[in-house]
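# Overview (structure and organization)
Here's the letter readout for the chains.
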Amino acid sequence: MLEPGDWVRALRGPIVVLGAGGFVGANLLRRLLKHREDVFGVVRSLPTWRLDGIDRRHILEADLIDLAAARNLVTNVRPRTIFNCVAYGAYSFETDFDLIYRTNFSALVQLVELLAETDFTAFIHAGSSSEYGTKSAGPLEEGSLQPNSHYSVSKAAASNYIAYAGKVRRLPIVNLRLYSVYGPLEDTSRLIPNLVAKGLNGSFPPLVDPNTSRDFIYIDDVCDAFAQAAARLTPDIYGEALNIGTGRGTTIRQLAKIAADVFAIGEEPIFGSMAGRSWDLPDWYAAPGKAERLLNWTAKTDLATGLKLTSEWVRSLEGLDAGAMTKRSANPRRRSISAIIACYKDEPAIPVMYQRLTDTFKKLDINYEIIFVNDGSPDNSAARILEISATDPHVLGITHSRNFGSQMAFRSGMEMSVMQASVLLDGDLQDPPELIEQFYHRWIDGYDVVYGRRIKRDMPFVWSVLYKAFYRIFAMLSYVEIPHDAGDFSLIDRRVVSWLLRCPERDLFLRGLRAYIGFRQTGVDYVRPKRAFGESTNNLLKNLEWAKRGIFSFSNAPLKLLSAGGTVLLCLSIVLGLIVTVLRIWVPNIAPRGATTLLLASLFFGAVNLFAIGLVGEYIAKIMEEVKARPRLIRAGLIRNGETSQLLPDESTRS
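For clarity, every value in this text was computed on a predicted model and none was experimentally measured.

### Here we look at the overall build of the chain
Along the backbone of the chain there are 20 helices and 20 strands. Every one of the 655 residues in the chain was classed for burial, and the buried ones make up 50%. The long-range fraction of contacts in the chain, counting pairs at least 24 apart against all pairs at least 6 apart in sequence, stands at 80%. Working note: accessible area of the chain is about 30,500 Å², and carbon and sulfur atoms make up 57% of it.

### As for the confidence of the model for the chain
Summary statistics for the chain give a mean pLDDT of 80 and a share of 75% for residues scoring 70 or more. At the level of individual helices and strands, the chain shows its lowest average pLDDT in helix H18 (residues 540-554), which scores 55, and its highest in strand E6 (residues 173-178), which scores 96.

### Thoughts on helix H3 (residues 67-77)
Because each turn of an α-helix spans 3.6 residues, side chains separated by three or four positions in sequence point in the same direction. Inspection of H3 places Ala-68, Ala-69, Ala-70, Asn-72, Leu-73, Val-74 and Val-77 among the buried residues, and these make up the whole buried set. Buried residues along H3 sit in contact with strand E1 (15-18), strand E2 (39-43), strand E3 (59-61), helix H4 (97-115), helix H13 (406-416) and helix H16 (494-502). Two residues or fewer past H3, Arg-78 is found with a positive phi of approximately 50°.

### Quick word on the packing of H13 against H16
Between H13 and H16, the shortest axis-to-axis distance is 10 Å and the interhelical angle comes to 120°. Classed by the angle they form, the pair H13 and H16 counts as oblique. Crossing of H13 against H16: the hand is left-handed. Contacts from Arg-411, Met-414 and Glu-415 of H13 reach H16 at Arg-494, Val-497, Leu-500 and Leu-501. For the contact of H13 with H16, the per-class residue count stands at four nonpolar, no polar and three charged.

### Let's talk about the state of the cysteines
Considering all chains together, one arrives at zero disulfides under this definition. In this model Cys-223 remains outside any disulfide bridge; the closest cysteine sulfur is found in Cys-85, 8.0 Å from its own.

### Thoughts on the sheet that holds strand E10 (residues 241-244)
If you trace the seven strands from one edge of the open sheet to the other, you get E3-E2-E1-E4-E5-E6-E10, paired in parallel fashion. Only two strands of the sheet have a single partner each, and these edge strands are E3 and E10. When strand polarity is set aside, the average angle formed by the axes of neighbouring strands in this sheet is 20°.

### Quick notes on the packing of aromatic side chains
By convention here, two paired aromatic rings are described through the distance between centres and the angle between planes. Following the criterion strictly, the structure yields nine aromatic pairs and no others. With centroids separated by 6.5 Å and ring planes inclined at 20°, the aromatic side chains of Trp-49 and Trp-313 adopt a geometry described as stacked. With a gap of 264 residues between them, Trp-49 in the loop between E2 and E3 and Trp-313 in helix H10 (residues 303-316) connect regions that are remote in the sequence. Overall, the relative accessible area of 10% leaves Trp-313 in the buried class. When the centroid spacing of 4.9 Å and the interplanar angle of 50° are considered together, the rings of Phe-439 and Phe-489 count as tilted. In this pair, Phe-439 is assigned in helix H14 (residues 436-444) and Phe-489 in strand E17 (residues 486-493), connecting sequence segments 50 residues apart. A residue is classified by how much of its surface remains accessible, and Phe-439, at 0% relative accessible area, is buried. Exposure remark for Phe-489: the relative accessible area of 1% places this residue in the buried category.

### So, the nonpolar core
Of all hydrophobic cores here, the largest spans 67 residues; its most connected members are Phe-83 and Phe-226. The element best represented in this core is helix H7 (residues 219-231), accounting for eight residues. Beyond its immediate stretch of four places on either side in the chain, Phe-226 contacts Val-24, Leu-28, Phe-83, Cys-85, Ile-124, His-125, Ala-126, Leu-176 and Leu-178. Core analysis: the next-biggest nonpolar cluster, separate from the first, contains 34 residues, Ile-385, Ala-421, Ile-436 and Trp-443 among them.

### Some points on the pattern of salt bridges
When the charged atoms of two side chains lie near each other, side chains of opposite charge can form a pair. Evaluation of the coordinates by the stated rule reveals 24 salt bridges. Between Lys-363 and Glu-437 there is a salt bridge; the shortest N-O distance is 3.1 Å. Of the two residues, Lys-363 sits in helix H11 (residues 349-364) while Glu-437 sits in helix H14, which places them 74 residues apart along the sequence. Overall, Glu-437 belongs to the partly exposed group, its relative accessible area being 25%. Here Arg-453 and Asp-525 are joined by a salt bridge, their closest N and O atoms 2.6 Å apart. Residue Arg-453 is found in strand E16 (residues 449-457), and its partner Asp-525 is found in strand E18 (residues 521-528); the two are separated by 72 residues along the sequence.

### Considerations on the side chain of Arg-494
Tracing the sequence through the fold places Arg-494 in helix H16. In terms of polar contacts, Arg-494 uses its side chain to reach the side chain of Asp-66, at 3.0 Å. Not counting residues up to four positions away in its chain, the partners in contact with Arg-494 are Asp-66, Ala-68, Ala-69, Asn-72, Met-414, Ser-417, Val-418, Met-419, Gln-420, Ala-421 and Leu-501.

### Digging into the pairing of strand E20 (residues 643-646)
Judged from the four bridges that link them, strand E19 (residues 635-640) and E20 form a sheet pairing that is antiparallel. Bridge assignment links Ile-639 to a residue of E20, and that residue is Thr-644. Remark: two residues form the turn of the hairpin made by E19 and E20, two consecutive strands paired antiparallel; Asn-641 in that turn has positive phi of roughly 55°.

### Focus: the environment of Pro-351
Considering the arrangement of structural elements, one finds Pro-351 in helix H11. For Pro-351, a relative accessible area of 35% gives the class partly exposed. As for Pro-351 and Ser-381, which are separated by 30 residues in sequence, their C-alpha atoms are 9.9 Å apart. Excluding residues within four positions of it along the chain, Pro-351 makes contact with Arg-384 and Ile-388.

### Notes on H10
The first and last C-alpha atoms of H10 sit 20 Å apart over 14 residues, in line with the 20 Å expected at 1.5 Å per residue. All of the buried residues along H10 are Leu-303, Gly-306, Leu-307, Thr-310, Ser-311, Trp-313 and Val-314. The buried side chains of H10 occupy one side of the element, clustering within an arc of 165° when seen end-on.

Analysis parameters
- Along each chain, residues carry numbers from 1 onward, in the same order as the chain's sequence is written.
- Per-residue local features are limited, in this predicted model, to residues with pLDDT of at least 70; the limit for side-chain atom pairs, both in listing and counting, is 80 or more; totals at the level of whole chains, interfaces and linings are taken over all residues.
- Neither water nor hydrogens contribute to the side-chain values; these are computed over all heavy atoms in the structure.
- Where helices and strands are cited, they refer to DSSP runs of H or I of at least four residues and of E of at least two residues respectively, numbered from the N terminus.
- The classification of residues rests on relative accessible area computed with a 1.4 Å probe and restricted to protein chains. Under 20% of the type maximum is buried, over 50% is exposed, and intermediate values are partly exposed.
- Any pair of residues with heavy atoms lying within 4.5 Å of one another is described as a contacting pair.
- Exposure was quantified through the Shrake-Rupley algorithm and a 1.4 Å probe, taking into account, for residues, occlusion by the shown protein chains and nothing else.
- Every residue is assigned a pLDDT by the predictor, reflecting its confidence on a scale from 0 to 100.
- With axes taken as lines fitted to C-alpha atoms, and helix axes fitted only over the stretch in contact, angles between N-to-C directions fall between 0 and 180 degrees.
- For classification, angles of less than 35 degrees are called roughly parallel, those exceeding 145 degrees roughly antiparallel, those between 65 and 115 degrees roughly perpendicular, and all remaining angles oblique.
- Each crossing gets its hand from how the near helix is turned against the far one by less than a right angle, where anticlockwise is left-handed and clockwise is right-handed.
- Note that Gly is not counted as nonpolar here; it falls among the polar residues with everything else outside the nonpolar set of Ala, Val, Leu, Ile, Met, Phe, Trp, Tyr, Cys and Pro and the charged set of Asp, Glu, Lys and Arg.
- A pair of sulfur atoms, both from cysteines and within 2.5 Å, is called a disulfide here.
- Each pair of strands is called paired provided DSSP finds at least two bridges between the two strands.
- What counts as a ring pair is set by centres within 6.5 Å for rings of Phe, Tyr and Trp (its six-membered ring), and what kind of pair is set by the plane angle: stacked under 30 degrees, edge-to-face over 60, tilted for all other angles.
- Residues belong to one nonpolar core when they are buried, are Ala, Val, Leu, Ile, Met, Phe, Trp, Tyr or Cys, and are joined through side-chain atoms within 4.5 Å.
- Between Lys or Arg on one side and Asp or Glu on the other, a salt bridge is scored when a side-chain nitrogen of the former is within 4 Å of a carboxyl oxygen of the latter.
- Any N or O atom pair separated by 3.5 Å or less is treated as a polar contact, with the protein-specific requirement of one donor-capable and one acceptor-capable atom, and with residues adjacent in sequence counted only for side-chain atom pairs.
- Residue count minus one, scaled by 1.5 Å, sets the expected span of a helix.
- This arc describes the spread of directions from the helix axis toward the C-beta atoms.

Here you go:
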């Protein structure tokens with residue numbers, strides 16, 4: 001007979017566990033990691049107490065409601081086996097109905113549609129017995145669903161989508177309807193952890209109606225069901241729903257008696273001292289015959305044994321803050337940032353930038369990633385990034401096939417980022433990483449974009465005046481409100497990043513797009529220092545190109561000035577023509593003699609025409625650049641964990 005580890009080793013990798021910060025997901029991730037290395041847990045944000053002690057290389061952060069984050073996950077990991085344990089709304093205090101549907105249904109559809117374009121081999125979805133709603137006493141999978149809560153409706157909708165995806169589109173996907181799962185790492189506000197904790201002290205927690213029954217199933221049995229479903233997933237099972245429970249309804253009275261025997265509790269339980277959930281029903285148990293028939297799976301752990309095993313975990317919590325191990329008191333503060341550094345001829349600055357960023361993020365005590373974008377740099381920037389990534393899993397390197405410019409380097413990093421905010425920095429250390437601390441606190445205060453405002457530049461006076469003049473002229477000409485002296489250095493919330501990535505233009509001017517998108521924005525003043533290493537790659541011509549890019553991207557003023565100027569000159573020409581005609585008739589000898597006047601007029605109007613054609617040509621050139629629709633950028637490779645992988649056009653790695 002096959003052991004649980006045999007089922008795990010039979011799976012196709014890479015394997016991802018979505019919702020790995022949750023109770024079922026965390027147990028499943030830990031179980032899988034005992035048998036293989038190509039397993040990754042995906043969480044919405046870090047830190048999460050259930051994953052303490054797991055190597056950071058096996059944890060990825062992504063908000064799967066966000067399309068860009070979901071696409072990045074699928075593109076970067078290319079998972080073959082997916083366990084989806086993402087859910088919201090099962091707890092009575094999770095009442096945001098919009099988030100319930102987006103998490104349990106919309107995000108599932110979005111993810112499966114992205115995976116449908118890949119060669120994945122198994123998608124095992126953690127459904128819920130709540131899908132049955134009012135039909136809770138041993139329902140069969142083939143029966144109709146009668147949901148009785150927002151959570152129930154959302155999970156039932158997900159089940160129907162899975163049936164369509166599996167049976168009609170023949171995608172390898174199945175839905176496991178889980179019953180009352182319990183065991184180590186369960187939320188400490190739940191019944192079983194409370195019962196065990198109180199039982200170890202010889203008492204009972206508050207209990208609901210004694211006749212209410214539940215199908216309690218131990219977490220290890222559920223993890224076995226996931227592994228067996230993925231390993232045994234054949235086309236005849238695609239789209240099926242399977243009940244995962246013991247098939248026994250245990251009343252609260254019976255549960256209390258078992259707990260009294262296991263923990264030698266002397267006192268009597270007080271039933272009805274706790275209110276049940278609004279959608280709770282008296283009898284709630286599974287009919288697991290289909291899972292046994294198709295997967296050869298049955299629950300093996302009886303309730304008394306499960307309580308004893310859970311008690312070992314509860315004892316390990318002694319001295320810890322159990323109140324922090326529940327969603328009820330979870331801190332919603334945003335705590336993850338991607339630093340995206342555009343590197344071109346910045347080889348000596350890269351190690352310094354890395355150290356200063358690391359010190360800043362550790363001081364803030366947040367989760368982070370550092371993305372160095374080697375934008376076709378002719379020096380050894382790639383080698384420096386490779387060395388750093390070998391010692392720090394927080395570091396990711398992107399190598400472009402040639403120099404696409406800093407704006408595309410920032411876009412490339414944002415496309416690969418999976419954190420809750422992105423910080424954009426130039427690689428020459430003119431953007432001080434220590435300022436991120438101030439950015440972070442303004443972000444926590446509720447701002448979606450926090451940009452650095454250069455109140456002074458450590459450069460020659462003339463250049464400083466020219467830069468200030470440009471920002472003010474640009475602000476006057478632009479049809480969006482552009483903040484003065486604000487460069488690319490900024491912290492941008494993931495929501496705003498997602499909108500930035502939806503902007504299709506190829507001739508990017510990010511600081512203008514950032515202002516165009518809006519949301520709550522604020523600035524932080526700082527003095528911009530000189531370049532720390534080497535010589536600046538900017539010069540007068542490049543700065544003029546920057547000015548043209550900004551003005552032609554966010555202003556129609558030049559065209560309007562041409563129209564106004566043309567109108568004025570046309571009117572002037574008509575008036576002068578009438579005057580000359582009248583004078584010619586009445587005073588013939590007053591007409592100008594020689595060609596000087598005619599020559600000057602021709603030169604003037606010819607210059608105006610050429611200037612006008614040039615301005616129109618700039619706009620036409622931008623239009624031409626956009627309609628050609630060439631790739632915005634080309635990633636030649638990724639650098640992670642001291643290894644370089646070459647990328648193909650579909651973003652898969654070359655074998």
